[in-house]
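# Structural overview for review
The primary structure of each chain is shown beneath.
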Amino acid sequence: SASAAAAAAAALTPLNPLLASFSYEDLCRRYVENFLASTEAYVRLTDVGRRVAQWRERIEPVLRQCERREAFDIGTTATRLLHALGEQRSPPSVRDDHLALDDDDDDDGG
């Protein structure tokens, strides 16, 4: 077992001299910790990928619908709105006889 650890350490020494200072058990422990960390990162990434896919499924039809619409123009929209409101309810007309002052109603005889 000690010779296997020495052989493993010797095999890793040319790759990274820093690794030669660790025991075989330390190297195994580090490998497993790194593996678990990368697995957790993969799971998070997979979860994010799943959520992004769900979001895309919801947003893409909305975006396609928006692309089919004509560009927004405030002037055209205001004209359409005023026209639609005018068709629903005509504004009250102001007649001249409502605005004229009636001299007969004056109390001071003027």
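Conventions adopted
- Residues numbered from 1 in each chain as written.
- Predicted model: local features only at pLDDT ≥ 70, side-chain atom pairs only at ≥ 80, totals over all residues.
- Heavy atoms only, no water.
- Helix = DSSP H or I, 4+ residues; strand = E, 2+ residues; numbered from the N terminus.
- Buried < 20%, exposed > 50% of the residue type's maximum accessible area, 1.4 Å probe, protein only.
- Areas by Shrake-Rupley, 256 points an atom, 1.4 Å probe, with all protein chains shown as cover.
- Salt bridge = Lys/Arg side-chain N within 4 Å of Asp/Glu carboxyl O.
- Patch = residues over 30% accessible without salt bridge, like charges linked within 9 Å, V, L, I, M, F, W, Y side chains within 5 Å.

Now for the overall build of the protein chain. Across its full length, the protein chain carries four helices and zero strands. Listed N to C, the secondary structure of the protein chain is α-α-α-α in terms of helices and strands. Looking at the protein chain as a whole, 3% of its 110 residues are labelled buried. Working note: accessible area of the protein chain is about 10200 Å², and carbon and sulfur atoms make up 58% of it.

Another point: the pattern of salt bridges. One pass over the full model with this rule turns up five salt bridges. With its nearest N and O atoms 2.3 Å apart, the salt bridge here joins Arg50 to Asp47. Note that Arg50 and Asp47 are positioned in helix α2 (residues 24-68) at a spacing of three residues, about one turn of the helix. One salt bridge connects Asp47 with Arg51, and the closest N-O pair in it is separated by 3.9 Å. Here Asp47 pairs with Arg51, and both are found in helix α2, just four residues apart, close to one helical turn. You can call Arg51 partly exposed: its relative accessible area is 46%. Shared partners join several salt bridges into a network, and the residues in it are Asp47, Arg50 and Arg51.

Nonpolar side chains collect at one region of the surface, where Tyr31, Val32, Phe35 and Leu36 lie side by side and expose about 440 Å² of accessible area between them. Mapped onto the elements of the fold, Val32 is located in helix α2. Taking the relative accessible area as the measure of exposure, Val32 reaches 44% and is therefore partly exposed.

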